[in-house]
Amino acid sequence: IVAQDWANFIQFKKANTKLSKVKKNKKRIVFMGNSITIGWLETNPEFFESKAYINRGISGQTTPQMLVRFRADVVDIQADAVIILAGTNDIAENTGPVTLKMILNNLKSMTEIAKANNIKVVLCSVLPAYEYPWSPNKKPNIKIPKLNNMIKDYAEKSQTYYLDYFSALENGNNGLKTDYTNDGVHLTAKGYSIMESILEDVIKEIFE
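Residues numbered from 1 in each chain as written. Predicted model: local features only at pLDDT ≥ 70, side-chain atom pairs only at ≥ 80, totals over all residues. Heavy atoms only, no water.

1. Considerations on unusual backbone geometry
With phi around 65°, N8 is a residue other than glycine that occupies positive phi space. Locating N8 in the fold gives a position in the segment before α1 (10–18). Positive phi outside glycine occurs at N174, with the angle close to 65°. Position of N174 relative to the elements: it lies in the loop between α7 (166–169) and α8 (189–206). A relative accessible area of 25% means that N174 is categorised as partly exposed. (Helix = DSSP H or I, 4+ residues; strand = E, 2+ residues; numbered from the N terminus. Buried < 20%, exposed > 50% of the residue type's maximum accessible area, 1.4 Å probe, protein only.)

2. Remarks on the environment of R28
You can see R28 is positioned in the loop between α1 and β1 (29–33). Given a relative accessible area of 7%, R28 falls into the buried group. With residues up to four places along the chain from it excluded, the contact list for R28 reads L19, S20, K21, V22, A52, I54, I77, Q78, A79, D80 and A81. (Contact = heavy atoms within 4.5 Å.)

3. Some points on empty space enclosed by the protein
The full count for this structure, using the stated rule, is one cavity of 30 Å³ or more. As for the largest cavity, its lining consists of N34, I36, L85, A86, G87, T88, V126 and L127. Looking at the lining of the largest cavity, its residues break down into five nonpolar, three polar and no charged. (1 Å grid on protein atoms, 1.4 Å probe; cavity = no way out; pocket = protein on both sides within 12 Å on 5 of 7 lines; lining within 4 Å. Points joined across faces, edges and corners; volume = space filled by probe spheres on them. Nonpolar A, V, L, I, M, F, W, Y, C, P; charged D, E, K, R; others polar.)

4. Describing the pairing of strand β4 (residues 120–124)
Of all five residues that make up β4, four are buried, and the element is covered over most of its length. In the sheet, strand β3 (residues 81–85) pairs with β4 via four bridges, with the strands oriented parallel. Residue pairing in the sheet places V82 in a bridge with V121 of β4. As judged from the three bridges shared by β4 and strand β5 (residues 161–163), these two strands associate in the parallel manner. Looking at the pairing, V122 lines up with Y161 of β5. (Pairing = 2+ DSSP bridges.)

Here it is in structure tokens:
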């Protein structure tokens, strides 16, 4: 039997060891997520350049996988803040059937680990998706808004920052606006630029 690196620790193992110390006047902000997060770096690399922004997105990942690697890819690299954008692949059932409560519990656990290590947390709304091309009939158009309400409610109760990307990207039908996506799930450069302007304001706010 071949041992399986289920959480994909190997993906950033080398990169994590090579990270230099953050300069005193900068804050290390780690982006934790899936293909939407790593796609951000691939599509708009200039957004990450010359900033202490560390992208730790892994394509296809679900919240349990992110939770397992959270210490290695966020805590152990001395993050000052973490931007968590996750949950859509859970709804697509990439790692099996799951309830919305289970997804929220994983987000809660990541938040609690971060806060216990004095890391500021930004919980992002899941992006709109009307249907998943690779996993049909999962009703993301219904489940994503419900999950987002749960995340927002938890964020308020736990005094965690909630970042609403959904409203800015949504087409009125719980899907992505056509000029922000090529496949209804992943973003174009234009879609990412919308997210960037929203996020930059939040980062300023949390470090004031």
